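Architecture and fold: a report
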Amino acid sequence: MSEQKTIALVTGATGVIAGVIAEALAATPDYEVVILARNEKKAQKTVARIQKATGNAAVRYLIADVSRRDSVRQASEAWDGRLNILVNAAGIEIEKTIEDTTLEEWNRIFAINVTGTFLTSKYALPLLRKSAGASLINFGSYDGFIADPGLAAYCATKGAVHA
């Protein structure tokens, strides 16, 4: 990682919303953007798309599962001791009522949406604290403030992120 560039790490950037955020950050010439993704093929395509759209070659990816401590810890070792911005945008949505949601689905959505936010923040915070003007951005949702019966687990996770 380059010392002169602002380094931004974006989780969930193989998805639409976080992908647009990663692209917007990469459009700033003095930014280096690192996307954290589970799927290498999707990560490669996302990086190529962002590089082509912005002309910024300082976009790369790291493979990690945000829901697994060892995976995030290992990825954090590749952050080269410097980080200015963390965007926690990795997340999934399950469109089911409580009655229709399985325990496995409940645990999976909490692992990604809540534990993933916790783990990436945990490993990024020591680096962010060393940076002047650092930013940590956690993605919540309006659904974290309401009780939508058809999005029970999703609403619960976004409420947890807001807390």
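Structure first, text after, so check above.
These lines cover the structure that appears in this document, whether it is placed above or below. Keep in mind the model is a prediction, meaning the values are calculated, not measured.

A few words now on the nonpolar core. In terms of nonpolar packing, the biggest core is built from 26 residues, with L9, L36, V66, W79, L83, I109 and A124 touching the most fellow members. When residues of this core are traced back to their parent elements, those giving at least two are β1 (6-11), β2 (31-37), α3 (69-76), α4 (103-129) and α5 (152-162). Per-element tally for this core: the top contributor is α4, with seven residues. If near-sequence neighbours (up to four positions away) are discounted, L83 is found in contact with I7, A8, L9, A124, L127, L128 and S131.

What follows covers the pairing of strand β5 (residues 135-138). Where strand β4 (residues 85-88) lies against β5, four bridges are found, and the strand directions are parallel. The residue bridging I85 from the neighbouring strand is S135, located in β5. Each parallel crossover has a hand, and for β4 linked through α4 to β5 it is right-handed.

Attention now moves to the packing of α3 against α4. α4 packs onto α3 with a crossing angle of 30 degrees between their chain directions and a minimal axis gap of 10 Å. Taken together, α3 and α4 sit at an angle that is classed as roughly parallel. As α3 runs across α4, the sense of the crossing is right-handed. Here R69, V72, R73 and S76 of α3 come into contact with α4, specifically with L119, T120 and Y123.

Every buried residue belonging to α5 is among A152, A153, Y154, C155, T157, K158 and V161, and all of these are buried. Packed against the buried residues of α5 are α4 and β5.

A few words on the sheet that holds β2. Spatially, the five strands line up as an open sheet ordered β3-β2-β1-β4-β5, and their pairing is parallel. The open sheet has two edge strands with one neighbour each: β3 (59-63) and β5. Adjacent strand axes in the sheet meet at a mean angle of 15 degrees when their direction is disregarded. With respect to the sheet, α4 is in contact with β1, β2, β4 and β5, its orientation differing from that of β4 by roughly 175 degrees.

With that settled, consider the packing of aromatic side chains. A full pass over the atoms with the stated rule returns one aromatic pair. Ring centres 4.9 Å apart and planes at 35 degrees place the aromatic pair W106 and F110 in the tilted group. Here the residue W106 and the residue F110 both occupy positions in helix α4, the gap between them amounting to four residues, near one helical turn. Among the residues examined, F110 registers a relative accessible area of 21% and is labelled partly exposed.

The backbone of D80 sits at a positive phi, close to 55 degrees, despite the residue not being glycine. Relative to the elements of secondary structure, D80 occurs in the loop between α3 and β4. Residue classification places D80 among the partly exposed residues on the basis of a relative accessible area of 47%.

This brings us to a nonpolar patch on the surface. Together, V16, I17 and V20 line one region of the surface with nonpolar side chains, adding up to about 320 Å² of accessible area. Summarising the element assignment, V20 is placed in helix α1 (residues 16-26).

On to the packing of α1 against helix α2 (residues 40-54), then. The geometry of a pair of packed helices is captured by two quantities: the angle between their axes and the separation between those axes. It is at 9 Å that the axes of α1 and α2 come closest, and there the two elements cross at 40 degrees. In terms of orientation, α1 and α2 fall into the oblique class. In this structure, α1 crosses over α2, and the sense of that crossing is right-handed. The segment α1 lies against α2, with G19, A22, E23 and A26 engaging R49, I50, A53 and T54. Considered class by class, the residues forming the contact of α1 with α2 number four nonpolar, two polar and two charged.

What counts, and where the lines are drawn
- Residues numbered from 1 in each chain as written.
- Predicted model: local features only at pLDDT ≥ 70, side-chain atom pairs only at ≥ 80, totals over all residues.
- Heavy atoms only, no water.
- Core = buried A, V, L, I, M, F, W, Y, C linked by side-chain atoms within 4.5 Å.
- Buried < 20%, exposed > 50% of the residue type's maximum accessible area, 1.4 Å probe, protein only.
- Helix = DSSP H or I, 4+ residues; strand = E, 2+ residues; numbered from the N terminus.
- Contact = heavy atoms within 4.5 Å.
- Pairing = 2+ DSSP bridges.
- Right-handed = clockwise from strand over helix to strand, strands pointing away.
- Axes fitted to C-alpha atoms, helices over the stretch in contact; angles between N-to-C directions.
- Parallel < 35°, antiparallel > 145°, perpendicular 65-115°, else oblique.
- Left-handed = near helix turned anticlockwise from the far one by under 90°.
- Phe/Tyr/Trp six-rings, centres within 6.5 Å; stacked < 30°, edge-to-face > 60°.
- Patch = residues over 30% accessible without salt bridge, like charges linked within 9 Å, V, L, I, M, F, W, Y side chains within 5 Å.
- Areas by Shrake-Rupley, 256 points an atom, 1.4 Å probe, with all protein chains shown as cover.
- Salt bridge = Lys/Arg side-chain N within 4 Å of Asp/Glu carboxyl O.
- Nonpolar A, V, L, I, M, F, W, Y, C, P; charged D, E, K, R; others polar.

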